[in-house]
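Architecture at a glance
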Amino acid sequence: MKLVLVDDDETLIRTLSRRLEQQGHQVQSFSQPQSPQALVDCQADCYLLDLRFGPQSGLDFITPLRQALPHCRILLLTGFASIATAVQAVKAGADDYLTKPLDFALLKSALEGEPLPEQSSGLLSPEQLEWGHIQRVLEQQQGNVSQTAKLLNMHRRTLQRKLQKHRP
């Protein structure tokens, strides 16, 4: 299987590339900003896209890839999971949404198109719940931080600090 990895974490790229190549996959990786067309030109069977790829978003690559290569698998990887971005990814055409740190067995299942097993605990931490709620409200307000802060009943600067804290 030909795979394309798009992530700004070079350590993750090296580690994943090595493990996937040991499994017999051909891997091409990108750690610098790319155009969607550059990824389409790779003609891979599967794309692993980082949600936050430097100044870009992996979400921006999903639709062009899906249109040009309707049979490829598209997996979105993120260390900043939220329900809002998961919904966006699936609506855009992603096949799976995986959180970092990656469980390699889970990644293998996703690459092969097998149903993903349920999370072992299934419970989110209070920080994860808060982050997901903030992201949902922020998306509903089309990214307007002031309006989101007002709806969340918090000071705008407090919300900006929380958002900044989760940036890569």
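In short, a report on the structure.

Reading the values: rules and limits
Residue numbers restart at each chain and count upward from 1, following the sequence in its written direction. Under the rules for a predicted model, residues below a pLDDT of 70 receive no local features and side-chain atom pairs below 80 are neither given nor counted, while totals for whole chains, interfaces and linings still include all residues. For the side-chain quantities, the full set of heavy atoms in the structure was used; hydrogens and water were omitted. Runs of H or I in DSSP of at least four residues are treated as helices and runs of E of at least two as strands, each being numbered from the N terminus. Our radius of gyration is a C-alpha quantity, and the globule rule it is checked against amounts to 2.2 Å times the number of residues to the power 0.38. Per-residue accessibility, obtained with a 1.4 Å probe over protein chains only, is compared with the maximum for each type, and a residue is labelled buried under 20%, exposed over 50%, and partly exposed between these values. Contact between two residues is taken to exist if any of their heavy atoms lie within 4.5 Å; hydrogens are not considered. With residues, only the protein chains shown are counted as cover, and all accessible areas are computed by Shrake-Rupley using a 1.4 Å probe. His is not counted, nor are the chain ends; Lys and Arg add positive charge and Asp and Glu add negative charge. Just so you know, the charge point we use is NZ for Lys, CZ for Arg, CG for Asp and CD for Glu. Where helices are involved, their axes are fitted lines through C-alpha atoms of the stretch in contact, as for all axes, and angles between N-to-C directions lie from 0 to 180°. Should an angle fall under 35 degrees it is called roughly parallel, over 145 degrees roughly antiparallel, and 65 to 115 degrees roughly perpendicular, with every other angle called oblique.

**Considerations on the overall build of the chain**
Each helix and strand in the chain was counted, giving eight helices and seven strands. A compact globule built from 168 residues would reach a C-alpha radius of gyration of about 15 Å, and the chain, at 17 Å, matches this within 12%. A principal-axis box enclosing the C-alpha atoms of the chain has dimensions of 50 × 35 × 30 Å. Across the 168 residues of the chain, 39% fall into the buried class. In the chain, the share of contacts with a sequence separation of at least 24, taken over all contacts with a separation of at least 6, comes to 55%. On the chain, roughly 9700 Å² of surface is accessible, and the fraction owed to carbon and sulfur atoms is 49%. Between the mean site of the 18 positive side-chain charges and the mean site of the 18 negative ones, the chain shows a separation of 10 Å.

**Let's talk about the packing of helix 7 (residues 145–152) against helix 8 (residues 156–165)**
Two elements in contact, helix 7 and helix 8, have axes whose closest approach is 9 Å; the angle formed by their N-to-C orientations is 105°. With respect to each other, helix 7 and helix 8 are oriented roughly perpendicular. Two secondary-structure elements touch here, helix 7 through V145, S146, T148, A149 and L152 and helix 8 through R156, L159, Q160 and L163.

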